[in-house]
Amino acid sequence: MGKHQEYEKKTEELLVPILTKSQYELVDVEFIKEAGSWHLRAYIDKEGGITIDDLTAVNHELSDLLDEHDFISESYILEVSSPGLLRPFKKPKDFIRNLGGDVEVKLFSPVTWEEGGKKYSDKEFIGILKEYREEPAAIVLDFGEKEMEIPVRDIALIRRSIDF
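**Points about the overall build of the chain**
Argument step 1. Helix and strand counts for the chain stand at three helices and eight strands.
Argument step 2. The order of helices and strands in the chain, counted from the N terminus, is α-β-β-α-β-α-β-β-β-β-β.
Argument step 3. For the chain, the spread of C-alpha atoms along the three principal axes comes to 65 × 35 × 35 Å.
Argument step 4. Within the chain, the proportion of its 164 residues that are buried is 34%.
Argument step 5. Relative to all contacts within the chain whose residues are 6 or more apart in sequence, the contacts with residues 24 or more apart total 53%.
Argument step 6. Entry remark: accessible area of the chain is about 10,200 Å², with carbon and sulfur atoms responsible for 49%.

**Structural notes on the pattern of salt bridges**
Argument step 1. Counting across every chain of the model gives 19 salt bridges.
Argument step 2. Put simply, E131 and R133 hold a salt bridge, and the shortest N to O gap is 2.8 Å.
Argument step 3. R133 gets classed as partly exposed once you look at its relative accessible area, which sits at 26%.
Argument step 4. Among the charged side chains, a network of salt bridges with common partners joins E25, K93, D94 and R97.

**Let's talk about the pairing of strand β1 (residues 25-34)**
Argument step 1. Note: β1 against strand β2 (residues 37-45), nine bridges, orientation antiparallel. Its bridge partner lying in β2, D28 is registered against Y43.
Argument step 2. Once β1 ends, the chain turns through two residues before running back antiparallel as β2, passing A35 with a positive phi of about 50°.

**Points about the sheet that holds strand β7 (residues 147-151)**
The strands making up a sheet are joined through hydrogen bonds of the backbone, oriented either antiparallel or parallel.
Argument step 1. Strands sit in the order β7-β6-β5-β4-β8 across an open sheet of five strands; the sheet is antiparallel. Two strands close off the open sheet at either side, each with one partner strand: β7 and β8 (155-160). Taken pair by pair, the neighbouring strands of this sheet meet at an average axis angle of 45°, ignoring direction.
Argument step 2. Bridge analysis of strand β4 (residues 102-115) against strand β5 (residues 118-134) gives 10 bridges, and the strand direction is antiparallel. The partner of D102 across the bridge, within β5, is I128.

**Focus on the confidence of the model for the chain**
When pLDDT drops low, the exact placement of atoms in the prediction is not to be read closely.
Argument step 1. On average, residues of the chain score 92 in pLDDT, and 100% of them are at 70 or above.
Argument step 2. Confidence scores differ between elements of the chain, with helix α3 (residues 92-97) showing the lowest mean pLDDT of 87 and helix α2 (residues 52-69) the highest of 97.

**Quick look at the packing of aromatic side chains**
Argument step 1. The tally for this structure, following the rule as stated, stands at nine aromatic pairs.
Argument step 2. Centroid distance Y7 to F71: 6.4 Å. Interplanar angle 50°. Geometry classified as tilted. Taken as a pair, Y7 in helix α1 (residues 3-22) and F71 in the loop between α2 and β3 (76-81) lie far apart in primary sequence, 64 residues in all.
Argument step 3. Taking relative accessible area as the criterion, Y7 reaches 5% and is therefore assigned buried.

**A few points about unusual backbone geometry**
Excluding glycine, most residues fall at negative phi; most peptide bonds, likewise, are trans.
Argument step 1. With an omega dihedral of -15°, the bond running from E135 to P136 counts as a cis peptide bond.
Argument step 2. Assignment of secondary structure puts P136 in the loop between β5 and β6 (137-142).
Argument step 3. Look at Q23: it is not a glycine, yet its phi comes out positive at around 60°.
Argument step 4. Within the secondary structure layout, Q23 lies in the loop between α1 and β1.
Argument step 5. Judged by its relative accessible area of 68%, Q23 falls in the exposed class.
Argument step 6. Notably, D70 is not glycine yet its phi reads approximately 45°, a positive angle.
Argument step 7. If you trace the backbone, D70 turns up in the loop between α2 and β3.
Argument step 8. A relative accessible area of 60% means that D70 is categorised as exposed.

Reading guide: rules and limits
Residues numbered from 1 in each chain as written. Predicted model: local features only at pLDDT ≥ 70, side-chain atom pairs only at ≥ 80, totals over all residues. Heavy atoms only, no water. Helix = DSSP H or I, 4+ residues; strand = E, 2+ residues; numbered from the N terminus. Buried < 20%, exposed > 50% of the residue type's maximum accessible area, 1.4 Å probe, protein only. Contact = heavy atoms within 4.5 Å. Areas by Shrake-Rupley, 256 points an atom, 1.4 Å probe, with all protein chains shown as cover. Salt bridge = Lys/Arg side-chain N within 4 Å of Asp/Glu carboxyl O. Pairing = 2+ DSSP bridges. Axes fitted to C-alpha atoms, helices over the stretch in contact; angles between N-to-C directions. pLDDT = per-residue confidence, 0-100. Phe/Tyr/Trp six-rings, centres within 6.5 Å; stacked < 30°, edge-to-face > 60°.

Listed below in structure tokens is the structure:
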């Protein structure tokens, strides 16, 4: 595990008790460099949606703990944020939460299939997330008349599909 992954892991360990007492959910933590500055981002959510007041309270508590433990050697900007509606699915609970919903899936490589004597190939799909399995990790997309099973390792991006 690299130094930055260790920062993310230790930050998660500090965050979990804060979030548990308020019944918030940890979506993700990332430590990344953008525009020459390091950013430590914690994405949180809760049933019914997260508010600015929720984010502010968690930010203050986490900031105090990070100052107390002082394990990050680089200077960084701390951000506690909502993950947003169109966030990519990363964890099993993201898939499970979105079962039955419309999803957009982009694959690393195109899938080829035959229909009505013609061959088709594509790597982007929109369908209903019908099923998620952990072992082996796979999803089933429902297109109404047909279904497609896709191994999670083949998915470059999966997120909610929202029609505006």
